[in-house]
Amino acid sequence: MSIEPSPMRIGIAGLGTVGSAVLANLRLHGDRLALVLGRRIEVTGVSARARKKDRGVPLDGIEWFDDPVKLAASPKIDTFVELIGGAEGPARAAVEAALAAGKHVVTANKALLARHGFELAKAAEAKHVALLFEASVAGGIPVIKTMREALIGNEIKRVYGILNGTCNFILTKMQEEGSAFEAALAEAQAMGYAEADPAFDIGGQDAAHKLALLTSLAFGTRVAIDEIHCEGIEHIRRADIEAADELGYRIKLLGVALKTETGIEARVNPAMVPKDSAIGEVSGVTNAIEIEGDFVGDLLLVGPGAGAKATASSVVSDIVDVARGDCMKPFIIPAAKLKAHKKATLGSHKGAYYVRLSVHDRPGALASIAGRMAAHEVSLESIVQRRPRADAVAPTKASASGVMQLVLITHDTVEAAIRRAIKLIEQDGNIAGRAQVIRIEKL
Ligand code: HSE
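Residues numbered from 1 in each chain as written. Predicted model: local features only at pLDDT ≥ 70, side-chain atom pairs only at ≥ 80, totals over all residues. Heavy atoms only, no water.

### With respect to the overall build of the protein
Helices and strands together make up the secondary structure of the protein, namely 13 helices and 17 strands. What you see for the protein is a C-alpha radius of gyration of 24 Å, in line with the 22 Å of a compact globule of 443 residues. Considered along the principal axes of its C-alpha atoms, the protein spans approximately 95 × 45 × 35 Å. In the protein, which comprises 443 residues, the share counted as buried stands at 56%. Residue pairs at least 24 apart in sequence account for 76% of intrachain contacts in the protein once pairs closer than 6 positions are excluded. Surface accessibility of the protein: about 18700 Å² in total, with carbon and sulfur atoms responsible for 52%. Averaging the locations of the 53 positively and 53 negatively charged side chains of the protein gives two centres separated by 3 Å. (Helix = DSSP H or I, 4+ residues; strand = E, 2+ residues; numbered from the N terminus. Rg over C-alpha atoms; globule rule 2.2 N^0.38 Å. Buried < 20%, exposed > 50% of the residue type's maximum accessible area, 1.4 Å probe, protein only. Contact = heavy atoms within 4.5 Å. Areas by Shrake-Rupley, 256 points an atom, 1.4 Å probe, with all protein chains shown as cover. Lys, Arg positive; Asp, Glu negative; His and termini not counted. Charge placed at Lys NZ, Arg CZ, Asp CG, Glu CD.)

So, in structure tokens, the structure goes:
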């Protein structure tokens, strides 16, 4: 007589678009996954805010929990799937309760991991359970699995890429269709790409959460969200996008992490990238992550970075890993061995810069700007005078009349030097509004 292996019983907390897509996936692919695993995955409990809501997937036979913490600790589940979101509140309480009760945890919650990843990893390791979070970075792209498994024979030198689909969607719409920022954002929200508060997308925080996790996985350091330099795309104007195009660049919100002599440089910022580079050609909600390993060389992963189905695909892959019995360390090496994150001084970053100035059209203005740059040893590769656009004076609302748009591209220079020069140029009174300064990224 054959004995059926016991199913893996999961509880899912959070039945928004991703949670519902996970349920739909497990229904659709349940039989095939059971063949792969030799055991079934059974959803035995769910928890969400509204019980009555129509989610397009039946919940018959699944126990309902009003309180996700109760579900997390329930003896009726083996694995807790957290899709609530947020670094604190019910998501954190439920994940902590699940780990304390010795349950495996699968989560898509980048904010939670970026803020509390180190403590949660220690808690998971103490109980010898899994804490997997593939869906938390770049939606459907299996970047964590790639770093944890396929690239384990490499020392990672640099990891960078487009980590926020909403921003890439907005920048693409502005560039390709001339859309206004707000209209492009509204479209991204309507398509379900944006965070509940889209300020987290456009301010760069969402990408910073993801970069904090990638940094830790790449360099064996404790997750340190507060050490990630974060700039968003809210100050990017069509004037910049058009100037970039004329100069052979695209503007992308990039997350970049690398080791430098002074520590780890980890930053999210709008960047100019060559338009014919692999990253430059990535458009719409698509994400792309380049990983540089000492043996593999450069590896580029491109795919859907947001959206319910793509994110559910990653959640299900983690659930299957748990069901298979893979109980890897959350951050690859034991939490106790993760080093403290030593932050590099961004002032010593060396690179080229794009600078756009709305210069008052009067004698001596240009000479004064050039003088400030020269005094700080900032050498200019090109100077282009452009027709002013109505939206070009950023970020104040100063009038664009009587000003000319000046776009400067510098040779490689030290960040501290150009920042000092720009501060003085702003104080000199020859420009309207603030200078727009964008790093040019060497890819
Ligand atoms: N709001 C995120 C994005 C969703 O636009 O990339 C995935 O984290």
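There's plenty left to go through after this.
### Things to note about helix α3 (residues 89-100)
Compared with the 16 Å implied by 1.5 Å per residue over 12 residues, the 17 Å span of α3 between its first and last C-alpha is a close match. All of the buried residues in α3 are A91, A94, V95, A97, A98 and L99. In this fold, the buried residues of α3 make contact with α2 (68-73), β4 (79-82), β5 (104-107) and α4 (110-126). One or two residues past the end of α3 sits G102, with phi positive at roughly 75°. (Expected span 1.5 Å × (residues − 1).)

### Thoughts on the sheet that holds strand β1 (residues 8-13)
Taken together, 6 strands build an open sheet; the order of strands is β3-β2-β1-β4-β5-β6 and the sheet is parallel. The outermost strands of the open sheet, each flanked by one partner alone, are β3 (63-65) and β6 (131-132). In this structure, β4 lies alongside β5, joined through 4 bridges in parallel fashion. For E82, the partnering residue across the bridge sits in β5 and is T107. Strands in contact with helix α11 (residues 308-324) are β1, β2 (41-47), β4, β5 and β6; relative to β5, the strand with the most contacts, it is inclined by about 165°. (Pairing = 2+ DSSP bridges. Axes fitted to C-alpha atoms, helices over the stretch in contact; angles between N-to-C directions.)

### Section: the state of the cysteines
Taken as a whole and assessed by the stated rule, the structure comprises 0 disulfides. C230 provides the cysteine sulfur closest to C167, a residue in no disulfide bond, and the two sulfurs are 9.6 Å apart. (Disulfide = S-S within 2.5 Å.)

### Some details on helix α5 (residues 143-150)
Turning to α5, its buried residues number three or more, namely V143, I144, T146, M147 and R148. Lining the buried residues of α5 we find β6, α9 (205-219), β11 (286-293) and β12 (297-304).

### What about the domain arrangement of the protein?
Put simply, an interface is often sized by how much accessible area is lost when its parts join up. We note that the domain assignment places domain 1 (8-136), domain 2 (143-304) and domain 3 (350-440) within the protein. Taking the mean C-alpha position of each, domain 1 and domain 3 sit 51 Å from one another. (Domains from an automatic or database assignment.)

### Things to note about the pattern of salt bridges
Counting across every chain of the model gives 28 salt bridges. Residues K145 and E149 are paired through a salt bridge, measuring 3.3 Å at the closest nitrogen-oxygen approach. Taken together, the residues span about one helical turn, with K145 and E149 both in helix α5 at a distance of 4 residues. E292 is paired through a salt bridge with R158; the nearest N and O atoms lie 3.0 Å apart. Here E292, found in strand β11, pairs with R158, found in strand β7 (residues 156-162); they are 134 residues apart in sequence, far enough to count as distant. For the pair shown, E292 and R158 are each scored as buried. (Salt bridge = Lys/Arg side-chain N within 4 Å of Asp/Glu carboxyl O.)

### Digging into the site of the ligand
The immediate surroundings of the ligand are formed by K110, N164, G165, T166, Y193, A194, E195, D201, D206, K210, G305 and A306. One nitrogen or oxygen atom from the main chain of G165 is found 2.8 Å from an oxygen atom belonging to the ligand. Interatomic distance of 2.7 Å between a backbone N/O atom of Y193 and a nitrogen atom of the ligand. Bound to the protein, the ligand loses 91% of the 260 Å² it would expose on its own. Its residues assigned to classes, the shell around the ligand shows 3 nonpolar, 4 polar and 5 charged. (Near = heavy atom within 4 Å. Polar contact = N/O pair within 3.5 Å; in protein donor to acceptor, adjacent residues only side chain to side chain. Nonpolar A, V, L, I, M, F, W, Y, C, P; charged D, E, K, R; others polar.)

### Section: the nonpolar core
One finds F80, V143, I233, I291 and F331 to be the most contacted residues of the largest nonpolar core, which totals 77 residues. Examining the composition of this core, we find that 9 residues originate from one element, α9, more than from any other. Within the second largest apolar cluster, 33 residues are counted, among which are V18, L33, V57 and A323. (Core = buried A, V, L, I, M, F, W, Y, C linked by side-chain atoms within 4.5 Å.)

### With respect to unusual backbone geometry
A positive phi angle, close to 55°, is found at H128, a residue other than glycine. Locating H128 in the fold gives a position in the loop between α4 and β6. Classification of H128 as exposed rests on a relative accessible area of 65%. For A138, which is not glycine, the phi dihedral falls at a positive 60°. Within the secondary structure, A138 sits in the loop between β6 and α5. For A138, a relative accessible area of 0% translates into the label buried.

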